[in-house]
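Residues per chain, in single letters:
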Amino acid sequence: MESRLVRRALRNRNVKVGGLIVLAFALIGILAPFISPYDPTKGELRDSLLPPSPEHPFGTDQLGRDILSRVIWGARTSLIVATASVLLAVVAGVVVGGLSAYLGGWVDELITRVIDIMLAFPDILLALFVAAVVGPGLENVILAVALYNFPQFVRIMRGSALQVKEMEYVEAARAIGESSFNVFFRYLMPNALAPVIIHATLRTAASILTAAGLSFLGLGVQPPTPEWGQMMSDARTYLVTAPHVWVFPGVALFVTVLGFNLFGDGLNDVLNPKVEV
Amino acid sequence: MLEVKGLAVDYYTEEGIVHALQGVSLEVRPGETLSLVGESGSGKSTLALAVLGLLPRRARVSGSIIFRGQNLLSLSEEEMRKLRGDRITVVFQEPLTALNPVFTVGRFLKDVYLTHKGGSEREAEERALEMLRKVKVPAPEKVLNSYPHELSGGMRQRVLIAASLINEPDLVIMDEPTSALDVSVQAQIIRLIYELKEQVKASFIFITHNLGVAASVGDRIAVMYAGKVMEVASKGELFSNPLHPYTKGLLASVPRVSGGEVKPIPGTVPDLRNPPPGCRFHPRCPYRFEPCDKEVPELKEVEKGHWVACYLWR
Ligand SMILES: Nc1ncnc2c1ncn2[C@@H]1O[C@H](COP(=O)(O)OP(=O)(O)O)[C@@H](O)[C@H]1O
Ligand code: SF4
Ligand SMILES: [Mg+2]
């Protein structure tokens, strides 16, 4: 059954194209120290704002740093922020959403209320708010983006777990004397995870975009760490005179986000889950 | 072994209080099989869940359930957990969904054993294999490493039956274990259950809505209607000498091989949110007379070992 699913997934064009982009992005991020031609944080001021050339294929920025190297290292930053924030949100969301469904009663009601309030904020506003409160920096961006993803995973996990909870094997688990702890972690959770995982790939795209947005606004990753949003923000002064400074990180961001969205949508089509946010 | 006395269960729902069981008294003797028969909605599963301590939170329970000298209704959740799957086990109706899709059959069986008996993986695996052989699963070594979706419904039900017997329980409850299976598979599983109950020491409560099946498996039969036990007798006695008007109606409605008319009981099963006063069968009873809608008739031993809840037999 699983192999049939994999074959169907590989026949899906969105999964294929998106998957290739995601794979390339991940490889570039992981291999950045080995494939980057220059140190992304060092540059000669006299080399500033050079247009693309064989020596600097993407040109240089206002501080004379190699933009190709900064785009490559920027992939690494995005990879770290997106993976860490989504993972954090998934783990917290799965536990809170799962418990909410499992325990029911007032616990469920309270959690659902709080999540509703969090979801009432427009997406980026919540991240902006957190980033403004905790201040800029890599860890804080991760925290802010995780918090903005968290309520969605709670809701999806809760819905999925509510369905699984009605499955007879959950009652059967209690009937063989399994402890509540085991029923939750070994029966309810693994069976409720599928829609959460699909949503995680979709949220990765949004998380990369949000992190870039925060950095663009100066609330995210701080210089000299290379980050696409922040690179574009730095390029605002040279919008017309040196467009290569913002075009390359912009294209990198666009393609990456597109790749994750294609991949997630394709997976969604293949697995066709019933849960929606 | 098991003695249920004056058991009442009410479900508190948004649409009202469902009086699912009322004044139910029953006894299960060591080593015997009691068949519990009744139409859908008569409270058979509710009784099973009450004994297992698995009723939903919205259910209120009163009365007593004495198992090996202790009242199950006064045990803590942890004490009940230790009994479940060990001393009291259950096989549910739906074998297709009763197994966790992420575990192999072997993992499941070993967990049932290890949760209660402890011991090593090796011991548990040997015991699991032994049980699979006992329930006549072909190629047990292979089934041990299979996931539930790789097995047919009948095979899964055999696995669940193996799990219900792996810890040598005192009481096994089977709640319509064949109702969800194909007719041909049903007969095989019923034969298996019949053979197993002769081999093991446990007592069985065998729940079914089919009188014929109840008779083929049970030593004694308890007939339920609308949350009440109406009649209890040995199966020979019940078929040759049914006393309760509902039992008589049921027997008349069973198609006979010898032919003869099938006469369904007129009327419908009452809404248990608002059950009829007095005898719950009185709106459909052709014999009803003056006291029937006033007081609830209690179960009385009319002849030796033959109990009836009806004013005709006072
Ligand atoms: N969880 C529940 N909540 C509310 N009512 C229930 C619940 N389970 C069963 N009932 C009601 O209790 C009565 C007995 O049901 P049940 O014990 O399942 O009967 P049976 O197993 O004989 O078909 C029915 O009227 C049913 O609607
Ligand atoms: S008590 Fe009355 S109504 Fe009930 S079964 Fe007996 S005769 Fe019929
Ligand atoms: Mg039932």
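What you see is a predicted model; the values in this text were computed from it and never measured. (Residues numbered from 1 in each chain as written. Chains lettered and ligands numbered in written order. Predicted model: local features only at pLDDT ≥ 70, side-chain atom pairs only at ≥ 80, totals over all residues. Heavy atoms only, no water.)

Residue and element names in this part refer to chain A. Here helix α2 (residues 13-35) spans only 29 Å end to end across 23 residues, well under the 33 Å set by a 1.5 Å rise per residue. Its axis deflected by about 45° at Gly29, α2 carries its strongest bend there, up to four residues before the proline Pro33. Buried residues of α2: Val15, Gly18, Gly19, Ile21, Val22, Phe25, Gly29 and Ala32, and no others. Where α2 begins, one side-chain oxygen reaches toward the backbone nitrogen of Asn14, 2.8 Å away; that side chain belongs to Asn12. (Helix = DSSP H or I, 4+ residues; strand = E, 2+ residues; numbered from the N terminus. Expected span 1.5 Å × (residues − 1). Bend = angle between axes of the 7 residues up to and from the residue. Buried < 20%, exposed > 50% of the residue type's maximum accessible area, 1.4 Å probe, protein only. Polar contact = N/O pair within 3.5 Å; in protein donor to acceptor, adjacent residues only side chain to side chain.)

The subject of this paragraph is the interface of chain B and chain A. Opposite the 24 residues of chain B that make contact, chain A presents 17 residues. Carbon and sulfur atoms make up 55% of the area that chain B and chain A hide from each other, which totals about 1800 Å². If you look at where chain B meets chain A, you find 1 salt bridge. Residues B:Asp111 and A:Arg186 are paired through a salt bridge, measuring 3.0 Å at the closest nitrogen-oxygen approach. There are 10 residue pairs in polar contact (both at pLDDT 80 or more) connecting chain B and chain A. With 6 residues, the top contributor of residues to the side of chain B that touches chain A is helix α3 (residues 105-117) of chain B. (Contact = heavy atoms within 4.5 Å. Buried area = accessible area lost by both parts, 1.4 Å probe. Salt bridge = Lys/Arg side-chain N within 4 Å of Asp/Glu carboxyl O.)

Residues and elements named next belong to chain B. Core analysis: the biggest nonpolar cluster contains 65 residues, and Phe108, Leu109, Leu132, Val159, Ile161, Leu165 and Met174 have the highest contact counts within it. Counting residues per element, this core draws most heavily on helix α6 (residues 153-165), at 7 residues. Looking at this core, you find at least three residues from each of domain 1 (2-87 + 169-308) and domain 2 (88-168). Residues contacting Met174, with those up to four places away along its chain left out, are Val91, Ile161, Ser164, Ile193, Phe204, Ile205, Phe206 and Ile207. In terms of nonpolar packing, the next biggest core, distinct from the first, is built from 40 residues, Leu2, Ala50, Ala222 and Met224 among them. (Core = buried A, V, L, I, M, F, W, Y, C linked by side-chain atoms within 4.5 Å. Domains from an automatic or database assignment.)

What follows deals with the side chain of A:Thr60. All names here are of chain A. Tracing the backbone shows Thr60 in the loop between α2 and α3 (67-103). Engagement of the side chain of Thr60 in a polar contact is seen with the backbone oxygen of Asp47, the distance being 2.7 Å. Apart from the residues lying within four places of it in its own chain, the contact partners of Thr60 are Asp47, Ser48, Leu49, Leu50, Arg65, Asp66, Ile67, His244 and Val245.

On to the site of ligand 1. Residues and elements named next belong to chain B. Every one of the 15 residues lining ligand 1 counts as a neighbour, but Gly41, Gly43, Lys44, Ser45 and Thr46 are closest to it. Backbone polar atom of Gly41 to an oxygen atom of ligand 1: 2.6 Å apart, as the coordinates give it. Ser45 is positioned with one of its side-chain polar atoms (N or O) 2.7 Å from an oxygen atom of ligand 1. In the complex, 71% of the free accessible area of ligand 1, which totals 560 Å², lies under the protein chains. If you list the elements that add at least two residues to the shell around ligand 1, you get β1 (2-13), β2 (16-28) and α1 (44-52). Element by element, the count of residues in the shell around ligand 1 is highest for α1, at 3 residues. Partitioning the shell around ligand 1 into residue classes produces 5 nonpolar, 7 polar and 3 charged. (Near = heavy atom within 4 Å. Areas by Shrake-Rupley, 256 points an atom, 1.4 Å probe, with all protein chains shown as cover. Nonpolar A, V, L, I, M, F, W, Y, C, P; charged D, E, K, R; others polar.)

Our next topic: helix α8 (residues 180-192) of chain A. Those residues of α8(A) lying buried are A:Val183, A:Phe184, A:Tyr187, A:Leu188, A:Met189, A:Asn191 and A:Ala192. Contacts made by the buried residues of α8(A) are with α3, α6 (138-165), α7 (168-175) and α9 (194-216) of chain A.

Residues and elements named next belong to chain B. Taken together, the 4 strands give an open sheet; going across it, the order is β2-β1-β4-β5, and neighbouring strands pair in antiparallel fashion. The sheet terminates laterally at β2 and β5 (70-71), the two strands that pair on one side only. Looking at chain direction, strand β4 (residues 59-67) and β5 are connected through 2 bridges and run antiparallel. Following the sheet pairing, Phe67 is matched in β5 by Gln70. Packed on one face of the sheet, α1 meets β1, β2 and β4 and runs near 110° to β1. (Pairing = 2+ DSSP bridges. Axes fitted to C-alpha atoms, helices over the stretch in contact; angles between N-to-C directions.)

Attention now moves to the packing of aromatic side chains. Throughout the structure, instances matching the rule amount to 10 aromatic pairs over all chains. Between B:Tyr225 and B:Tyr246, the ring centres sit 4.6 Å apart and the planes meet at 50°, which makes this aromatic pair tilted. Within this pair, whereas B:Tyr225 is found in strand β9 (residues 220-225), its partner B:Tyr246 is found in helix α10 (residues 245-253), the two being separated by 21 residues in sequence. Grouping residues by exposure puts B:Tyr225 and B:Tyr246 together as buried. Arranged with centres 5.1 Å apart and planes meeting at 80°, the rings of B:Tyr225 and B:Phe281 form a pair that is edge-to-face. Linking B:Tyr225 in strand β9 with B:Phe281 in the loop between α10 and β11 (300-303), this pair joins segments that are 56 residues apart in sequence. Since its relative accessible area comes to 1%, B:Tyr225 is described here as buried. Directly above the ring of A:Phe216 sits A:Arg236, whose terminal nitrogen or CZ lies 5.2 Å from the centroid. (Phe/Tyr/Trp six-rings, centres within 6.5 Å; stacked < 30°, edge-to-face > 60°. Lys NZ or Arg CZ within 6 Å of the ring centre and 35° of its normal.)

On to the packing of α6(A) against α9(A), then. Residue and element names in this part refer to chain A. Contact geometry of α6 with α9 gives a least axis separation of 10 Å together with a crossing angle of 155°. Of the possible angle classes, the one that applies to α6 and α9 is roughly antiparallel. Between α6 and α9 the crossing geometry is right-handed. In contact with Val141, Ala144, Val145, Tyr148, Asn149, Gln152, Phe153, Ile156, Met157 and Ser160 of α6, α9 contributes Pro195, Val196, His199, Ala200, Arg203, Ala206, Ser207, Thr210, Ala211 and Leu214. In terms of residue class, the contact of α6 with α9 is built from 13 nonpolar, 6 polar and 1 charged. (Parallel < 35°, antiparallel > 145°, perpendicular 65-115°, else oblique. Left-handed = near helix turned anticlockwise from the far one by under 90°.)

Moving on, we come to the domain arrangement of chain B. All names here are of chain B. Split by domain assignment, chain B resolves into domain 1 (2-87 + 169-308) and domain 2 (88-168). Taking only C-alpha atoms, the centre of domain 1 and the centre of domain 2 are 27 Å apart. Residue-level contacts link 34 residues of domain 1 with 24 residues of domain 2. Here domain 1 packs against domain 2, burying approximately 2400 Å² in sum over the two surfaces, 64% of which is carbon and sulfur. If you sort the residues of domain 1 by the area they bury against domain 2, Gly85, Pro169 and Leu192 come out on top, with a joint share of 20%. Across the contact surface, domain 1 and domain 2 share 2 salt bridges. Two residues, Glu195 and Lys136, come together in a salt bridge whose shortest N-O distance is 2.4 Å. Remark: the boundary between domain 1 and domain 2 carries 16 residue pairs in polar contact (both at pLDDT 80 or more).

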